[in-house]
Number of protein chains: 2
Amino acid sequence: MKSIIIASTSTIHGGSYLDYLLPELQVHFKNCNTLLFIPFARPGGISHEQYTNTVSQAFEKINIKVKGIHEFEDAITAINNAEGIFTGGGNTFLLVTQLYKNNIMTVLAEAVKNGTPYLGTSAGSNICGLSMQTTNDMPIIYPPSFQTLGLIPFNLNPHYLDPDSQSKHMGETRETRIKEFHAFNTLPVLGLREGSWLDVKGNQIVLKGNLSARLFRQNQEPEELAPQTELSYVQ
Amino acid sequence: MKSIIIASTSTIHGGSYLDYLLPELQVHFKNCNTLLFIPFARPGGISHEQYTNTVSQAFEKINIKVKGIHEFEDAITAINNAEGIFTGGGNTFLLVTQLYKNNIMTVLAEAVKNGTPYLGTSAGSNICGLSMQTTNDMPIIYPPSFQTLGLIPFNLNPHYLDPDSQSKHMGETRETRIKEFHAFNTLPVLGLREGSWLDVKGNQIVLKGNLSARLFRQNQEPEELAPQTELSYVQ
(Lines give C-alpha, C1' and ligand atoms only; values in the text may rest on other atoms or scores of the structure.)
Protein backbone atom coordinates (compact mmCIF):
# COMPACT_ATOMS: atom_id res chain seq x y z
CA MET A 1 0.00 0.00 0.00
CA LYS A 2 1.33 3.44 -0.91
CA SER A 3 2.51 5.45 2.09
CA ILE A 4 3.66 8.94 1.10
CA ILE A 5 4.12 12.36 2.63
CA ILE A 6 4.21 15.15 0.06
CA ALA A 7 5.24 18.41 1.72
CA SER A 8 5.19 21.90 0.24
CA THR A 9 8.46 22.83 1.94
CA SER A 10 11.21 21.29 4.07
CA THR A 11 11.42 24.33 6.30
CA ILE A 12 8.88 26.83 7.54
CA HIS A 13 9.75 30.43 8.32
CA GLY A 14 11.65 30.69 11.60
CA GLY A 15 12.05 26.91 11.89
CA SER A 16 14.97 24.60 11.23
CA TYR A 17 15.24 21.93 8.55
CA LEU A 18 12.26 19.49 8.67
CA ASP A 19 11.51 20.43 12.31
CA TYR A 20 7.78 21.00 11.86
CA LEU A 21 7.37 17.58 10.20
CA LEU A 22 9.47 15.43 12.57
CA PRO A 23 6.57 14.15 14.74
CA GLU A 24 4.78 13.09 11.55
CA LEU A 25 7.95 11.53 10.12
CA GLN A 26 8.57 9.52 13.26
CA VAL A 27 5.26 7.74 12.61
CA HIS A 28 5.67 7.64 8.82
CA PHE A 29 9.10 5.98 8.98
CA LYS A 30 8.48 3.96 12.16
CA ASN A 31 9.63 0.73 10.52
CA CYS A 32 12.81 2.26 9.09
CA ASN A 33 16.24 2.21 10.68
CA THR A 34 17.77 3.74 7.59
CA LEU A 35 16.57 6.09 4.90
CA LEU A 36 17.73 6.43 1.31
CA PHE A 37 18.13 10.13 0.48
CA ILE A 38 18.00 11.47 -3.08
CA PRO A 39 19.97 14.75 -3.06
CA PHE A 40 19.85 15.35 -6.83
CA ALA A 41 17.94 18.67 -6.64
CA ARG A 42 20.94 20.37 -4.93
CA PRO A 43 19.32 23.58 -3.55
CA GLY A 44 21.51 26.61 -4.22
CA GLY A 45 23.94 24.30 -6.03
CA ILE A 46 25.29 22.59 -2.87
CA SER A 47 26.99 19.19 -3.27
CA HIS A 48 25.33 15.79 -2.76
CA GLU A 49 27.54 15.31 0.34
CA GLN A 50 26.65 18.66 1.92
CA TYR A 51 22.97 18.09 1.30
CA THR A 52 23.03 14.55 2.71
CA ASN A 53 24.79 15.86 5.84
CA THR A 54 22.01 18.36 6.49
CA VAL A 55 19.39 15.66 6.10
CA SER A 56 21.31 13.21 8.32
CA GLN A 57 21.41 15.76 11.12
CA ALA A 58 17.64 16.25 10.96
CA PHE A 59 16.83 12.52 10.97
CA GLU A 60 19.32 11.83 13.77
CA LYS A 61 16.73 13.49 16.05
CA ILE A 62 14.34 10.62 15.38
CA ASN A 63 17.09 7.95 15.32
CA ILE A 64 17.07 7.25 11.60
CA LYS A 65 20.34 6.83 9.69
CA VAL A 66 20.52 8.49 6.26
CA LYS A 67 22.56 7.41 3.24
CA GLY A 68 22.71 9.39 0.01
CA ILE A 69 21.95 7.57 -3.26
CA HIS A 70 25.26 8.87 -4.67
CA GLU A 71 27.08 6.69 -2.09
CA PHE A 72 25.77 3.48 -3.68
CA GLU A 73 27.38 1.75 -6.61
CA ASP A 74 24.03 0.95 -8.18
CA ALA A 75 21.14 3.40 -7.85
CA ILE A 76 18.50 0.88 -8.95
CA THR A 77 19.53 -1.64 -6.28
CA ALA A 78 19.69 1.17 -3.72
CA ILE A 79 16.05 2.04 -4.38
CA ASN A 80 14.86 -1.54 -4.48
CA ASN A 81 16.55 -2.28 -1.14
CA ALA A 82 15.53 0.95 0.63
CA GLU A 83 13.49 0.80 3.84
CA GLY A 84 12.28 4.32 3.18
CA ILE A 85 13.05 7.06 0.63
CA PHE A 86 13.30 10.86 0.91
CA THR A 87 13.73 13.18 -2.06
CA GLY A 88 14.72 16.69 -0.97
CA GLY A 89 13.97 20.03 -2.57
CA GLY A 90 16.09 22.26 -4.79
CA ASN A 91 15.85 22.52 -8.55
CA THR A 92 13.21 20.29 -10.16
CA PHE A 93 14.79 20.42 -13.64
CA LEU A 94 18.04 19.12 -12.19
CA LEU A 95 16.30 16.47 -10.08
CA VAL A 96 14.26 15.14 -13.01
CA THR A 97 17.31 15.13 -15.32
CA GLN A 98 19.30 13.11 -12.80
CA LEU A 99 16.48 10.63 -12.16
CA TYR A 100 16.31 9.94 -15.89
CA LYS A 101 20.10 9.82 -16.32
CA ASN A 102 20.33 7.23 -13.55
CA ASN A 103 17.43 5.27 -15.07
CA ILE A 104 15.47 5.37 -11.84
CA MET A 105 12.34 7.41 -12.62
CA THR A 106 10.25 4.28 -13.21
CA VAL A 107 12.09 2.23 -10.58
CA LEU A 108 11.37 4.87 -7.95
CA ALA A 109 7.70 5.09 -8.94
CA GLU A 110 7.33 1.30 -8.74
CA ALA A 111 9.04 1.06 -5.34
CA VAL A 112 6.75 3.70 -3.85
CA LYS A 113 3.64 2.21 -5.47
CA ASN A 114 4.65 -1.13 -3.92
CA GLY A 115 4.75 0.37 -0.44
CA THR A 116 8.21 1.77 0.31
CA PRO A 117 7.42 4.78 2.53
CA TYR A 118 8.31 8.01 0.71
CA LEU A 119 8.81 11.61 1.74
CA GLY A 120 9.07 14.48 -0.73
CA THR A 121 9.62 18.14 -0.01
CA SER A 122 9.36 20.91 -2.60
CA ALA A 123 11.05 19.53 -5.79
CA GLY A 124 10.81 16.06 -4.23
CA SER A 125 7.05 16.67 -3.96
CA ASN A 126 6.71 18.15 -7.42
CA ILE A 127 7.79 14.85 -8.95
CA CYS A 128 4.92 13.02 -7.19
CA GLY A 129 2.52 14.57 -9.71
CA LEU A 130 2.08 13.45 -13.30
CA SER A 131 4.50 16.04 -14.64
CA MET A 132 6.94 18.65 -13.36
CA GLN A 133 5.18 21.30 -15.44
CA THR A 134 3.88 23.28 -12.47
CA THR A 135 7.24 23.75 -10.77
CA ASN A 136 8.42 27.25 -9.84
CA ASP A 137 12.04 26.47 -10.67
CA MET A 138 14.39 27.85 -13.28
CA PRO A 139 15.20 25.57 -16.26
CA ILE A 140 18.93 25.39 -15.46
CA ILE A 141 19.29 22.07 -17.30
CA TYR A 142 17.31 20.40 -20.13
CA PRO A 143 15.59 17.22 -18.91
CA PRO A 144 14.82 14.35 -21.32
CA SER A 145 11.13 14.66 -20.38
CA PHE A 146 8.81 16.59 -18.06
CA GLN A 147 6.96 13.38 -17.04
CA THR A 148 7.40 12.43 -13.39
CA LEU A 149 6.39 9.71 -10.90
CA GLY A 150 2.60 9.96 -11.17
CA LEU A 151 1.99 8.82 -7.58
CA ILE A 152 -1.12 11.00 -7.36
CA PRO A 153 -3.62 11.77 -10.14
CA PHE A 154 -2.96 15.54 -10.31
CA ASN A 155 -0.11 18.03 -10.41
CA LEU A 156 1.35 20.06 -7.55
CA ASN A 157 2.54 23.58 -7.09
CA PRO A 158 4.63 23.55 -3.88
CA HIS A 159 5.45 26.80 -2.06
CA TYR A 160 2.13 28.11 -3.36
CA LEU A 161 2.05 31.88 -2.97
CA ASP A 162 -1.03 34.11 -2.98
CA PRO A 163 -0.93 37.27 -5.09
CA ASP A 164 0.40 40.24 -3.08
CA SER A 165 -2.11 43.07 -3.52
CA GLN A 166 0.51 45.62 -2.39
CA SER A 167 3.11 44.55 -4.93
CA LYS A 168 4.21 46.84 -7.75
CA HIS A 169 5.89 43.96 -9.53
CA MET A 170 4.45 43.23 -12.98
CA GLY A 171 5.79 39.67 -13.37
CA GLU A 172 3.11 36.97 -13.48
CA THR A 173 1.46 35.85 -10.24
CA ARG A 174 1.48 32.15 -9.44
CA GLU A 175 -2.22 32.02 -10.31
CA THR A 176 -1.54 33.51 -13.77
CA ARG A 177 1.21 30.97 -14.39
CA ILE A 178 -1.09 28.08 -13.50
CA LYS A 179 -3.76 29.59 -15.76
CA GLU A 180 -1.20 29.52 -18.60
CA PHE A 181 -0.59 25.84 -17.80
CA HIS A 182 -4.32 25.24 -18.12
CA ALA A 183 -4.43 26.86 -21.55
CA PHE A 184 -2.68 23.67 -22.76
CA ASN A 185 -3.17 21.02 -20.09
CA THR A 186 -6.23 19.49 -18.45
CA LEU A 187 -4.58 18.16 -15.27
CA PRO A 188 -5.81 19.69 -12.01
CA VAL A 189 -3.11 21.55 -10.04
CA LEU A 190 -3.04 21.77 -6.26
CA GLY A 191 -1.34 24.87 -4.84
CA LEU A 192 0.17 23.64 -1.57
CA ARG A 193 1.07 26.44 0.86
CA GLU A 194 4.19 26.24 3.02
CA GLY A 195 3.36 24.22 6.13
CA SER A 196 0.84 22.00 4.30
CA TRP A 197 1.41 18.43 3.19
CA LEU A 198 -0.50 15.57 1.63
CA ASP A 199 -0.74 12.29 3.49
CA VAL A 200 -1.21 9.45 1.01
CA LYS A 201 -2.24 6.00 2.23
CA GLY A 202 -3.18 3.69 -0.59
CA ASN A 203 -5.69 5.60 -2.69
CA GLN A 204 -6.57 8.04 0.08
CA ILE A 205 -5.00 11.53 -0.15
CA VAL A 206 -5.59 13.85 2.83
CA LEU A 207 -4.57 17.51 3.13
CA LYS A 208 -2.64 18.06 6.38
CA GLY A 209 -1.35 21.09 8.27
CA ASN A 210 -3.29 24.17 9.36
CA LEU A 211 -3.71 25.90 6.01
CA SER A 212 -6.14 25.50 3.17
CA ALA A 213 -4.86 24.53 -0.27
CA ARG A 214 -5.90 26.05 -3.58
CA LEU A 215 -7.21 23.80 -6.32
CA PHE A 216 -6.98 24.93 -9.94
CA ARG A 217 -8.91 23.20 -12.71
CA GLN A 218 -9.03 24.03 -16.39
CA ASN A 219 -11.81 26.54 -17.21
CA GLN A 220 -13.00 26.75 -13.60
CA GLU A 221 -12.66 29.21 -10.77
CA PRO A 222 -9.97 28.17 -8.24
CA GLU A 223 -11.31 26.56 -5.07
CA GLU A 224 -10.02 26.66 -1.47
CA LEU A 225 -9.89 23.25 0.22
CA ALA A 226 -9.86 23.01 4.01
CA PRO A 227 -7.34 20.94 6.00
CA GLN A 228 -8.36 17.26 6.33
CA THR A 229 -10.08 17.32 2.92
CA GLU A 230 -9.82 13.95 1.21
CA LEU A 231 -8.51 14.56 -2.32
CA SER A 232 -8.68 11.26 -4.20
CA TYR A 233 -11.68 12.64 -6.14
CA VAL A 234 -9.41 15.24 -7.77
CA GLN A 235 -8.37 13.94 -11.18
CA MET B 1 23.73 46.63 -38.20
CA LYS B 2 21.78 45.14 -35.30
CA SER B 3 19.18 47.50 -33.82
CA ILE B 4 17.41 45.99 -30.83
CA ILE B 5 15.49 47.06 -27.76
CA ILE B 6 15.37 44.40 -25.05
CA ALA B 7 12.95 45.46 -22.32
CA SER B 8 12.41 43.81 -18.94
CA THR B 9 8.65 44.39 -19.09
CA SER B 10 5.98 45.71 -21.47
CA THR B 11 4.19 47.55 -18.71
CA ILE B 12 5.38 49.32 -15.59
CA HIS B 13 3.28 49.56 -12.44
CA GLY B 14 0.46 52.10 -12.88
CA GLY B 15 1.15 52.51 -16.60
CA SER B 16 -0.59 51.16 -19.67
CA TYR B 17 0.77 48.73 -22.22
CA LEU B 18 4.16 49.89 -23.64
CA ASP B 19 3.46 53.51 -22.60
CA TYR B 20 6.80 54.16 -20.91
CA LEU B 21 8.69 52.95 -24.00
CA LEU B 22 6.70 54.70 -26.74
CA PRO B 23 9.05 57.74 -27.13
CA GLU B 24 11.95 55.31 -27.52
CA LEU B 25 9.99 53.11 -29.94
CA GLN B 26 9.08 56.07 -32.11
CA VAL B 27 12.80 56.55 -32.79
CA HIS B 28 13.62 52.83 -32.89
CA PHE B 29 10.97 52.07 -35.52
CA LYS B 30 11.16 55.43 -37.34
CA ASN B 31 11.60 53.74 -40.73
CA CYS B 32 8.70 51.32 -40.20
CA ASN B 33 5.13 51.83 -41.35
CA THR B 34 4.23 48.31 -40.28
CA LEU B 35 5.45 45.95 -37.59
CA LEU B 36 5.38 42.14 -37.52
CA PHE B 37 4.17 40.99 -34.10
CA ILE B 38 4.96 37.55 -32.70
CA PRO B 39 2.19 36.75 -30.19
CA PHE B 40 3.29 33.16 -29.47
CA ALA B 41 3.96 33.68 -25.73
CA ARG B 42 0.22 34.28 -25.08
CA PRO B 43 0.29 35.86 -21.58
CA GLY B 44 -2.39 34.38 -19.33
CA GLY B 45 -3.34 32.08 -22.23
CA ILE B 46 -5.00 34.80 -24.35
CA SER B 47 -5.39 34.16 -28.08
CA HIS B 48 -3.04 35.36 -30.83
CA GLU B 49 -5.84 37.67 -32.04
CA GLN B 50 -6.52 39.22 -28.64
CA TYR B 51 -2.83 39.77 -28.03
CA THR B 52 -2.27 41.33 -31.45
CA ASN B 53 -5.20 43.70 -30.84
CA THR B 54 -3.64 44.98 -27.61
CA VAL B 55 -0.35 45.57 -29.39
CA SER B 56 -2.03 47.28 -32.37
CA GLN B 57 -3.73 49.74 -30.04
CA ALA B 58 -0.42 50.70 -28.42
CA PHE B 59 1.42 51.20 -31.72
CA GLU B 60 -1.48 53.16 -33.21
CA LYS B 61 -0.34 56.00 -30.90
CA ILE B 62 2.89 56.28 -32.90
CA ASN B 63 1.22 55.57 -36.26
CA ILE B 64 2.58 52.09 -36.83
CA LYS B 65 0.35 49.33 -38.17
CA VAL B 66 0.73 45.89 -36.58
CA LYS B 67 0.14 42.49 -38.14
CA GLY B 68 0.40 39.22 -36.21
CA ILE B 69 2.63 36.47 -37.62
CA HIS B 70 -0.32 34.04 -37.35
CA GLU B 71 -2.09 36.10 -40.05
CA PHE B 72 0.55 35.20 -42.66
CA GLU B 73 0.50 32.05 -44.72
CA ASP B 74 4.24 31.62 -44.41
CA ALA B 75 6.01 32.62 -41.21
CA ILE B 76 9.49 32.55 -42.75
CA THR B 77 8.50 34.94 -45.54
CA ALA B 78 6.73 37.16 -43.00
CA ILE B 79 9.95 37.54 -41.02
CA ASN B 80 12.14 38.06 -44.06
CA ASN B 81 9.81 40.79 -45.38
CA ALA B 82 9.22 42.54 -42.05
CA GLU B 83 10.12 46.23 -41.65
CA GLY B 84 10.38 45.71 -37.90
CA ILE B 85 9.63 42.87 -35.48
CA PHE B 86 8.20 42.81 -31.96
CA THR B 87 8.00 39.67 -29.79
CA GLY B 88 5.75 40.18 -26.78
CA GLY B 89 5.89 38.63 -23.31
CA GLY B 90 4.01 35.74 -21.79
CA ASN B 91 5.28 32.21 -21.36
CA THR B 92 8.82 31.63 -22.63
CA PHE B 93 8.42 27.83 -22.91
CA LEU B 94 5.44 28.32 -25.19
CA LEU B 95 7.16 31.04 -27.22
CA VAL B 96 10.29 28.96 -27.80
CA THR B 97 8.25 25.85 -28.67
CA GLN B 98 6.28 27.81 -31.26
CA LEU B 99 9.39 29.42 -32.77
CA TYR B 100 10.89 25.96 -33.28
CA LYS B 101 7.62 24.43 -34.54
CA ASN B 102 7.35 27.18 -37.14
CA ASN B 103 11.02 26.73 -38.08
CA ILE B 104 11.76 30.39 -37.48
CA MET B 105 14.23 30.44 -34.56
CA THR B 106 17.23 30.73 -36.89
CA VAL B 107 15.37 32.83 -39.48
CA LEU B 108 14.44 35.36 -36.81
CA ALA B 109 17.99 35.49 -35.45
CA GLU B 110 19.40 36.06 -38.95
CA ALA B 111 16.88 38.81 -39.79
CA VAL B 112 17.70 40.72 -36.60
CA LYS B 113 21.46 40.23 -37.04
CA ASN B 114 21.07 41.61 -40.56
CA GLY B 115 19.45 44.79 -39.28
CA THR B 116 15.67 44.36 -39.02
CA PRO B 117 14.82 46.51 -35.97
CA TYR B 118 13.60 44.30 -33.13
CA LEU B 119 11.77 44.87 -29.88
CA GLY B 120 11.43 42.24 -27.17
CA THR B 121 9.60 42.52 -23.86
CA SER B 122 9.80 39.93 -21.08
CA ALA B 123 9.66 36.49 -22.81
CA GLY B 124 10.45 38.28 -26.09
CA SER B 125 13.58 39.61 -24.36
CA ASN B 126 14.51 36.33 -22.77
CA ILE B 127 14.99 34.78 -26.19
CA CYS B 128 17.57 37.44 -27.10
CA GLY B 129 20.07 35.67 -24.84
CA LEU B 130 21.89 32.45 -25.65
CA SER B 131 19.34 30.28 -23.90
CA MET B 132 15.96 30.58 -22.18
CA GLN B 133 17.39 28.94 -19.08
CA THR B 134 17.06 32.01 -16.88
CA THR B 135 13.37 32.60 -17.51
CA ASN B 136 10.96 32.90 -14.56
CA ASP B 137 8.20 31.08 -16.39
CA MET B 138 6.45 27.80 -15.74
CA PRO B 139 7.32 24.87 -18.06
CA ILE B 140 3.77 24.52 -19.38
CA ILE B 141 4.99 22.89 -22.62
CA TYR B 142 8.15 20.90 -23.51
CA PRO B 143 10.26 22.81 -26.06
CA PRO B 144 12.56 20.94 -28.47
CA SER B 145 15.52 22.91 -27.09
CA PHE B 146 16.33 25.68 -24.60
CA GLN B 147 18.65 27.43 -27.11
CA THR B 148 17.43 30.83 -28.26
CA LEU B 149 18.39 33.70 -30.59
CA GLY B 150 21.83 34.56 -29.20
CA LEU B 151 21.61 38.24 -30.19
CA ILE B 152 23.70 39.23 -27.17
CA PRO B 153 26.58 37.28 -25.61
CA PHE B 154 24.91 36.65 -22.22
CA ASN B 155 21.61 35.53 -20.71
CA LEU B 156 18.82 37.68 -19.31
CA ASN B 157 16.53 37.52 -16.32
CA PRO B 158 13.67 39.95 -17.09
CA HIS B 159 11.41 41.22 -14.29
CA TYR B 160 14.42 40.89 -12.00
CA LEU B 161 13.24 41.03 -8.40
CA ASP B 162 15.37 41.80 -5.34
CA PRO B 163 14.96 39.53 -2.30
CA ASP B 164 12.27 40.85 0.07
CA SER B 165 13.82 40.98 3.54
CA GLN B 166 10.34 41.10 5.13
CA SER B 167 9.10 37.98 3.37
CA LYS B 168 8.29 34.83 5.32
CA HIS B 169 8.17 32.80 2.11
CA MET B 170 10.75 30.02 1.95
CA GLY B 171 10.72 29.48 -1.82
CA GLU B 172 13.98 30.35 -3.58
CA THR B 173 14.82 34.01 -4.23
CA ARG B 174 15.66 35.02 -7.79
CA GLU B 175 19.32 35.31 -6.75
CA THR B 176 19.31 31.70 -5.43
CA ARG B 177 17.77 30.47 -8.68
CA ILE B 178 20.44 32.20 -10.75
CA LYS B 179 23.10 30.75 -8.43
CA GLU B 180 21.67 27.29 -9.20
CA PHE B 181 21.96 28.11 -12.93
CA HIS B 182 25.62 28.96 -12.34
CA ALA B 183 26.29 25.62 -10.67
CA PHE B 184 26.04 24.18 -14.21
CA ASN B 185 26.45 27.04 -16.67
CA THR B 186 29.18 29.61 -17.22
CA LEU B 187 27.11 32.24 -19.08
CA PRO B 188 26.76 35.61 -17.34
CA VAL B 189 23.16 36.55 -16.44
CA LEU B 190 21.87 40.11 -16.37
CA GLY B 191 18.98 40.74 -13.99
CA LEU B 192 16.98 43.49 -15.70
CA ARG B 193 14.58 45.32 -13.38
CA GLU B 194 11.15 46.47 -14.57
CA GLY B 195 11.57 49.82 -16.34
CA SER B 196 15.06 48.98 -17.64
CA TRP B 197 15.95 48.00 -21.17
CA LEU B 198 19.02 47.28 -23.27
CA ASP B 199 19.64 49.34 -26.36
CA VAL B 200 21.69 47.33 -28.85
CA LYS B 201 23.27 49.05 -31.84
CA GLY B 202 25.68 46.77 -33.69
CA ASN B 203 28.02 45.40 -31.04
CA GLN B 204 27.22 48.13 -28.54
CA ILE B 205 24.85 47.22 -25.69
CA VAL B 206 23.76 50.06 -23.39
CA LEU B 207 21.66 49.79 -20.22
CA LYS B 208 18.76 52.28 -20.37
CA GLY B 209 16.10 53.49 -17.94
CA ASN B 210 16.59 54.89 -14.45
CA LEU B 211 17.48 51.71 -12.59
CA SER B 212 20.67 49.77 -12.13
CA ALA B 213 20.85 46.17 -13.36
CA ARG B 214 22.36 43.22 -11.48
CA LEU B 215 25.06 41.17 -13.17
CA PHE B 216 25.62 37.57 -12.06
CA ARG B 217 28.74 35.63 -13.03
CA GLN B 218 29.72 32.10 -12.09
CA ASN B 219 31.72 31.98 -8.84
CA GLN B 220 31.63 35.76 -8.39
CA GLU B 221 29.71 38.19 -6.22
CA PRO B 222 26.83 39.86 -8.10
CA GLU B 223 27.55 43.39 -9.33
CA GLU B 224 25.25 46.44 -9.72
CA LEU B 225 25.62 48.22 -13.05
CA ALA B 226 24.51 51.84 -13.40
CA PRO B 227 22.24 53.12 -16.19
CA GLN B 228 24.17 53.98 -19.38
CA THR B 229 26.74 51.25 -18.71
CA GLU B 230 28.05 49.79 -21.95
CA LEU B 231 27.77 46.00 -21.66
CA SER B 232 29.49 44.49 -24.68
CA TYR B 233 32.39 43.44 -22.41
CA VAL B 234 30.06 41.03 -20.60
CA GLN B 235 30.56 37.55 -22.04
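None of these values were measured; they are calculated from a predicted model. (Residues numbered from 1 in each chain as written. Chains lettered and ligands numbered in written order. Predicted model: local features only at pLDDT ≥ 70, side-chain atom pairs only at ≥ 80, totals over all residues. Heavy atoms only, no water.)

## Topic: the sheet that holds strand β4 (residues 85–87) of chain A
Paired through backbone hydrogen bonds, the strands of a sheet run either parallel or antiparallel to each other. Residues and elements named next belong to chain A. Read across the open sheet, the seven strands follow the order β3-β2-β4-β5-β1-β8-β9; overall the sheet is mixed. Each edge of the sheet is formed by a strand with only one pairing partner; in this case those strands are β3 (65–68) and β9 (204–208). With direction set aside, neighbouring strand axes in the sheet form an average angle of 20 degrees. Pairing analysis gives five bridges linking strand β8 (residues 197–201) to β9, with the strands arranged antiparallel. By the bridge assignment for β9, Lys201 is matched with Gln204. (Pairing = 2+ DSSP bridges. Helix = DSSP H or I, 4+ residues; strand = E, 2+ residues; numbered from the N terminus. Axes fitted to C-alpha atoms, helices over the stretch in contact; angles between N-to-C directions.)

## Some thoughts on the pattern of salt bridges
Residue and element names in this part refer to chain B. Applying the stated criterion across every chain yields a total of 16 salt bridges over all chains. Taking the shortest distance from any N to any O, the salt bridge between Asp199 and Lys201 comes out at 3.2 Å. Judged by its relative accessible area of 13%, Asp199 is buried. Looking at Lys201, the relative accessible area reads 32%, which means it is partly exposed. Of the charged contacts in the structure, one is a salt bridge between Glu224 and Arg214, with a shortest N-O distance of 2.8 Å. Of the two residues, Glu224 is situated in strand β11 (residues 223–225) and Arg214 in strand β10 (residues 213–216); the sequence distance between them amounts to ten residues. (Salt bridge = Lys/Arg side-chain N within 4 Å of Asp/Glu carboxyl O. Buried < 20%, exposed > 50% of the residue type's maximum accessible area, 1.4 Å probe, protein only.)

## Concerning the environment of Glu224 of chain B
All names here are of chain B. A relative accessible area of 36% places Glu224 in the partly exposed class. Considered as a pair, Glu224 and Asn103 are 121 residues apart in the sequence and their alpha carbons are 37 Å apart. Only 2.5 Å separates the side chain of Glu224 from the side chain of Ser212, close enough to count as a polar contact. A distance of 2.8 Å separates the side chain of Glu224 from the side chain of Arg214, its partner in a polar contact. (Polar contact = N/O pair within 3.5 Å; in protein donor to acceptor, adjacent residues only side chain to side chain.)

## Examining the relation of the copies chain A and chain B
Placing chain A over chain B gives an RMSD of 0.0 Å and needs a rotation angle of 180 degrees, together with 0.0 Å of translation along the axis. Read as a symmetry element, the transformation amounts to a two-fold axis. (Least-squares fit on C-alpha atoms with pLDDT ≥ 70 in both.)

## Considerations on the interface of chain A and chain B
Taken together, the 47 residues of chain A in the interface contact 47 residues of chain B. Together, the buried faces of chain A and chain B total about 3,900 Å²; carbon and sulfur atoms form 62% of this surface. One can count two salt bridges joining chain A with chain B. A salt bridge links Asp137 of chain B to Arg177 of chain A; the nearest nitrogen and oxygen atoms lie 3.1 Å apart. Put simply, chain A and chain B have 24 residue pairs in polar contact (both at pLDDT 80 or more) between them. If you list the elements that add at least two residues to the side of chain A that touches chain B, you get α4 (92–101) and α7 (174–182) of chain A. At seven residues, the largest contribution of residues to the side of chain A that touches chain B is made by α7 of chain A. Here the side of chain A that touches chain B is composed, by residue class, of 19 nonpolar, 19 polar and nine charged. (Contact = heavy atoms within 4.5 Å. Buried area = accessible area lost by both parts, 1.4 Å probe. Nonpolar A, V, L, I, M, F, W, Y, C, P; charged D, E, K, R; others polar.)

## Some details on the pairing of strand β5 (residues 118–121) of chain A
All names here are of chain A. Of the two faces of β5, both are covered, the one formed by Tyr118 and Gly120 as well as the one formed by Leu119 and Thr121. When strand β1 (residues 3–7) meets β5, the two strands line up parallel, connected through four bridges. Its bridge partner lying in β5, Ile4 is registered against Tyr118. Across three bridges, the pairing between β4 and β5 is parallel. In the sheet register, Phe86 faces β5, and the bridge partner there is Leu119.

## A few points about the environment of Ser10 of chain B
Residue and element names in this part refer to chain B. Topologically, Ser10 is positioned in the loop between β1 (3–7) and α1 (22–28). Between the C-alpha atom of Ser10 and that of Tyr20, which follows or precedes it by ten residues, the distance is 8.5 Å. In this structure, Ser10 is in contact with Tyr17, Leu18, Tyr20 and Thr121, ignoring residues within four places of it in sequence. Among the polar contacts listed, one links the side chain of Ser10 to the side chain of Thr11, at a separation of 2.9 Å.

## Observations concerning the packing of aromatic side chains
Residues and elements named next belong to chain A. Across all of its chains, the model carries 20 aromatic pairs over all chains by this definition. Ring centres 5.1 Å apart and planes at 40 degrees place the aromatic pair Phe37 and Phe86 in the tilted group. Pair noted here: Phe37 is in strand β2 (residues 34–38) and Phe86 is in strand β4, with a separation of 49 residues, a long-range link. No difference in accessibility class separates Phe37 from Phe86, as the two residues are buried. Note that Lys67 overlies the ring of Phe72, its terminal NZ or CZ placed 4.7 Å from the centroid. (Phe/Tyr/Trp six-rings, centres within 6.5 Å; stacked < 30°, edge-to-face > 60°. Lys NZ or Arg CZ within 6 Å of the ring centre and 35° of its normal.)

## Quick word on helix α4 (residues 92–101) of chain B
Where burial is concerned, most of α4 of chain B is hidden: eight out of the ten residues are buried. Turning to α4 of chain B, its buried residues are Thr92, Phe93, Leu94, Leu95, Val96, Thr97, Gln98 and Leu99 of chain B. In this fold, the buried residues of α4 of chain B make contact with α4 of chain A together with β2 (34–38), β4 (85–87), α5 (105–113) and α6 (123–126) of chain B. Structurally, the start of α4 of chain B carries an N-cap: the backbone nitrogen of Phe93 of chain B is 2.9 Å from a side-chain oxygen of Asn91 of chain B. Among the residues trailing α4 of chain B, Asn103 of chain B stands out with phi positive, at a value near 55 degrees.

## Considering helix α2 (residues 48–60) of chain B
All names here are of chain B. Taking 1.5 Å of rise per residue, the 13 residues of α2 would be expected to cover 18 Å, and the 18 Å separating its terminal C-alpha atoms lies within 8% of that figure. Taken together, the buried positions of α2 are His48, Tyr51, Thr52, Val55, Ser56, Ala58 and Phe59. Projected down its long axis, α2 shows its buried positions confined to an angular sector of 165 degrees, all on one face. Facing away from the buried surface of α2 by more than 90 degrees, the exposed residues are Gln57 and Glu60. As for α2, its buried residues are in contact with α1, β2, β3 (65–68), β4 and β5 (118–121). (Expected span 1.5 Å × (residues − 1). Arc of directions from axis to C-beta.)

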